[in-house]
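Residue-level structural notes
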Amino acid sequence: MSLKTPYYLIDERRLLKNLKVIQYIKESSGIRSVLALKCFSAWSVFGLMKKYMDGTTSSSLYEARLGREKFGKEVHAYCVAYTKDEIREVSRFSDKVIFNSYSQLKSFYRLVQGCKIGLRLNSGISYSHYDLADPARRFSRLGEPGMAVIKDASNLISGVMFHFNCENSDFRNFSLNMDYISRKYSHLLKKLEWVSLGGGIYFTQKEYPIEKFCRILKNFSNRFNVQVYLEPGESVITQSAELVTSVVDIVRNRIDIAIVDASVEAHMLDLLIYRDSAKIEKSNNGKFKYMVAGRSCLAGDIFGTYYFKSKLKIGSIIKFTDTAGYTMVKKNWFNGLTMPSIAVKRLDGSIELTRRFGYKDFVSSMS
Ligand SMILES: *Cc1c(COP(=O)(O)O)cnc(C)c1O
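Residues numbered from 1 in each chain as written. Predicted model: local features only at pLDDT ≥ 70, side-chain atom pairs only at ≥ 80, totals over all residues. Heavy atoms only, no water.

Let's shift gears to the overall build of the protein chain. Check the secondary structure of the protein chain and you find 13 helices and 17 strands. A compact globule built from 367 residues should have a C-alpha radius of gyration of about 21 Å, and the protein chain, at 22 Å, falls within 12% of that. Overall, the C-alpha framework of the protein chain stretches about 65 × 50 × 45 Å when taken along its three principal axes. Sequence-distant contacts in the protein chain: of pairs separated by 6 or more residues, those separated by 24 or more amount to 67%. When the accessible surface of the protein chain is summed, it comes to about 18000 Å², and 49% of that surface belongs to carbon and sulfur atoms. In the protein chain, the 55 positive side-chain charges and the 36 negative ones have mean positions that sit 2 Å from each other. (Helix = DSSP H or I, 4+ residues; strand = E, 2+ residues; numbered from the N terminus. Rg over C-alpha atoms; globule rule 2.2 N^0.38 Å. Contact = heavy atoms within 4.5 Å. Areas by Shrake-Rupley, 256 points an atom, 1.4 Å probe, with all protein chains shown as cover. Lys, Arg positive; Asp, Glu negative; His and termini not counted. Charge placed at Lys NZ, Arg CZ, Asp CG, Glu CD.)

Each pair of packed helices can be summarised by the angle the axes make with each other and by the distance between the axes. Their axes nearest at 11 Å, the elements helix α7 (residues 171–184) and helix α9 (residues 210–224) cross at an angle of 5°. Our classification of the angle between α7 and α9 gives roughly parallel. On the side of α7, the interface is formed by F171, F174, S175, M178, I181 and S182, while α9 contributes K212, F213, I216, L217, F220, R223 and F224. Looking at the contact of α7 with α9, its residues break down into 9 nonpolar, 2 polar and 2 charged. (Axes fitted to C-alpha atoms, helices over the stretch in contact; angles between N-to-C directions. Parallel < 35°, antiparallel > 145°, perpendicular 65-115°, else oblique. Nonpolar A, V, L, I, M, F, W, Y, C, P; charged D, E, K, R; others polar.)

What follows concerns α7. When the terminal C-alpha atoms of α7 are compared, their 20 Å separation across 14 residues agrees well with the 20 Å that a helix rising 1.5 Å per residue should span. Among all positions of α7, only F171, N173, F174, S175, N177, M178, I181 and S182 are buried. In this structure, the buried side of α7 is in contact with α8 (186–190) and α9. The backbone nitrogen of R172 lies 3.1 Å from a side-chain oxygen of the residue at the head of α7, namely D170. (Expected span 1.5 Å × (residues − 1). Buried < 20%, exposed > 50% of the residue type's maximum accessible area, 1.4 Å probe, protein only. Polar contact = N/O pair within 3.5 Å; in protein donor to acceptor, adjacent residues only side chain to side chain.)

Considered domain by domain, the protein chain is made up of domain 1 (13–237) and domain 2 (240–364). A straight line from the C-alpha centre of domain 1 to that of domain 2 covers 32 Å. The interface is formed by 19 residues belonging to domain 1 together with 17 residues belonging to domain 2. A combined buried area of about 1500 Å² lies between domain 1 and domain 2, and 59% of that area is made up of carbon and sulfur atoms. In this structure, the connection of domain 1 to domain 2 is made through 0 salt bridges. Viewed at the interface, domain 2 and domain 1 are joined by 4 residue pairs in polar contact (both at pLDDT 80 or more). Looking at the side of domain 1 that touches domain 2, the elements that each hand over two or more residues are α1 (12–29) and α10 (234–237). For the side of domain 1 that touches domain 2, a count of residues per class yields 13 nonpolar, 2 polar and 4 charged. (Domains from an automatic or database assignment. Buried area = accessible area lost by both parts, 1.4 Å probe. Salt bridge = Lys/Arg side-chain N within 4 Å of Asp/Glu carboxyl O.)

Attention now moves to the packing of aromatic side chains. Applying the stated criterion across every chain yields a total of 19 aromatic pairs. Where Y306 meets F308, the ring centres are 6.2 Å apart and the plane angle is 70°; that geometry is what we call edge-to-face. Ring geometry for W333 versus F362: centroids 5.5 Å apart, planes at 50°, classification tilted. With W333 in the loop between β15 (317–321) and β16 (341–345) and F362 in helix α13 (residues 359–364), this pair connects stretches of sequence that are 29 residues apart. Residue placement shows K70 over the ring face of W43; its charged tip is 3.8 Å from the ring centre. Between the NZ or CZ atom of K96 and the centre of the ring of W194, over which it lies, the distance is 5.2 Å. (Phe/Tyr/Trp six-rings, centres within 6.5 Å; stacked < 30°, edge-to-face > 60°. Lys NZ or Arg CZ within 6 Å of the ring centre and 35° of its normal.)

Tracing the chain through its elements places Y24 in helix α1. Distance in space between the C-alpha atoms of Y24 and Y52 is 9.6 Å, their sequence separation being 28 residues. Those residues in contact with Y24, other than ones at most four positions away along the chain, are I210 and E211. A polar side-chain atom of Y24 sits 2.6 Å from a polar atom in the side chain of E211.

This part covers unusual backbone geometry. Residue P6 follows T5 across a cis peptide bond; omega there is 0°. Of note, K73 is a non-glycine position whose phi angle comes to about 60°, a positive value. Looking at the secondary structure, you find K73 in the loop between α3 (61–71) and β4 (74–78). Phi at D322 is positive, roughly 55°, even though this residue is not glycine. Mapped onto the fold, D322 is located in the loop between β15 and β16. On the basis of relative accessibility, which here comes to 15%, the residue D322 falls in the buried class.

Next comes the structure, spelled out in structure tokens:
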């Protein structure tokens, strides 16, 4: 079947590879894993994912609801700040409600009594390449930093959430950080039923020392007698989708520039935020050099500069790889550009177009 570009293509076989790693970690360490919906919420593949994961975690009321309705199993609700109006609804969809601050915990714990209650802690440590995404940055509002307050909070909660890793493929760093939080919070941890270690750990990367990782998780869980949770986003879906585009025009301004029927700003926004280039398959490596750019009016809407095996022409297909995480969840209607469809390559190899967006969706996103 040939689909009309642009489209994101999610490959279930690729996804399965990551899910099997998670399954192995679960079995050998006893942890539970919940998918971070803020990274990836393409629910047409949740049928596969829920066989290998224990549920979802959220950043808002709507994500919690999506987790309940489309994934099922356990729902962790977290939000940097809930409004009072939201909190009862949140509790209806969730198994756990994790507050970001002691002040929210105190204000709302009575309203979520059917749920397990947790507090996010700001341990003051982190692993991140970017200040913008660093939860331990100066004046960070993410999680409760005060030790005295945490002591007071401990009677109201059954668990805590830490989230201090971001794209962390450095196992040694992870290990040292686990020692650090074990020491710093040992009194609190002993009183709890569950501890979530958040996301950002790159355990699906090729060389990641899975056995050692499992041992640390298991030791931590045994030492404090807690159920450990991981909240992976990127590491679940890494390398499992591509953005398929077509060349619409080729222009020249000292170099050759291929303009495709998608946009960085609208369809792969994180590349701009983190000043990164899109990836394309290495097999494309050749001698024809092009800058590949998007068709929004933003001057810097550039996917990257690549060497192709053959000359590009209008209609040539360009596939950007590793486009599952923080892409579809951030796509927007900037410039009113055609939004990429979402398609899924199922385990049996068949391709299913699961969503097409049109003018109606554009209009209904505004009034
Ligand atoms: C973003 C986030 C995650 C997922 O992070 P990844 O880097 O995609 O694994 C998990 N938990 C919390 C609290 C987050 O903010």
